[in-house]
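# A structural walkthrough
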Amino acid sequence: MPVVAYPSRVRPAPPALRLEVPDGWACPPPGDALVRVVGRGSAGDEVVVEVRHRVEAPDAVAGTVASSVATAAAGASGEVEEVFLVEIADREWTAHNVSRDDADGAVVEVHLVAVVGADDDAVSAVHVRGRVSGEGLDDDYDLLQQVLESVVVDGVDA
């Protein structure tokens, strides 16, 4: 009988990571994310950052993963902006901005994806999703960007 183990070559463990958040932000239980942080924006709406580890097929690249998560976030009525690259802490991230209207108003999400490991069996990637909404959306985007630009993935080289 075969033995299945975790971590393994086809299910690598998530990398260590860190990010800086403003004073007063909370770190509630993350659900299916590795990390979830929440702060209050300028008009009282939540600013949310979530970090997930993704294990993809061996031929996956950051661009296809980023496009996939952004398209899913946009849904049928949202808009996915053009892909862009950003360097954060000496690591290249592939990114998309997504805008849509929810029941509570306008929402903008930023999706960042970096491949942090790859071999013949699997690709290990980190997906960071930042979200702002509501009346203070424009002001809060700057705050969100500061938090996103602080993400550091430790001890791995893709």
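See above for the structure.
Now for a look at the structure at hand. Remember, it's a predicted structure, so these values are computed and weren't measured experimentally. Every chain is numbered on its own, with residues counted from 1 as its sequence reads. Owing to the predicted nature of the model, reporting of local features is limited to residues with pLDDT of at least 70; listing and counting of side-chain atom pairs is limited to 80 or more, with chain, interface and lining totals taken over all residues. Calculated side-chain values reflect all of the structure's heavy atoms, with hydrogen atoms and water omitted.

### Here's the deal with helix H2 (residues 137–148)
With 12 residues, H2 should reach 16 Å at 1.5 Å per residue; the first-to-last C-alpha distance of 16 Å fits that figure. Buried residues along H2 sit in contact with strand S3 (46–56), strand S5 (84–88), strand S7 (105–118) and strand S8 (123–133). Helix and strand definitions here come from DSSP, where helices need a minimum of 4 consecutive H or I residues and strands a minimum of 2 consecutive E residues; each element is numbered from the N-terminal end. By this rule, a helix spans an expected 1.5 Å times one less than how many residues it contains. The criterion used for residue contact is that any of the two residues' heavy atoms lie within 4.5 Å.

### Some words on the pairing of S7
Burial classes: relative accessible area under 20% of the type maximum marks a residue as buried, over 50% as exposed, and values in between as partly exposed (1.4 Å probe, protein chains only). Most of S7 sits out of view: 10 of its 14 residues are buried. Between S7 and S8, which pair antiparallel in sequence order, lie four residues. Whether two strands pair depends on DSSP finding at least two bridges between them.

### Details of the environment of Gln146
Along the chain, the position of Gln146 falls in helix H2. The exposure class assigned to Gln146 is exposed, which follows from its relative accessible area of 54%.

### With respect to unusual backbone geometry
Residues Tyr6 and Pro7 are joined by a peptide bond in cis, for which omega reads -5°. Relative to the helices and strands, Pro7 is located in the segment before strand S1 (16–18). Residues other than glycine seldom take positive phi values, yet Ala89 does so here, at roughly 50°. Considering the arrangement of structural elements, one finds Ala89 in the loop between S5 and strand S6 (91–102).

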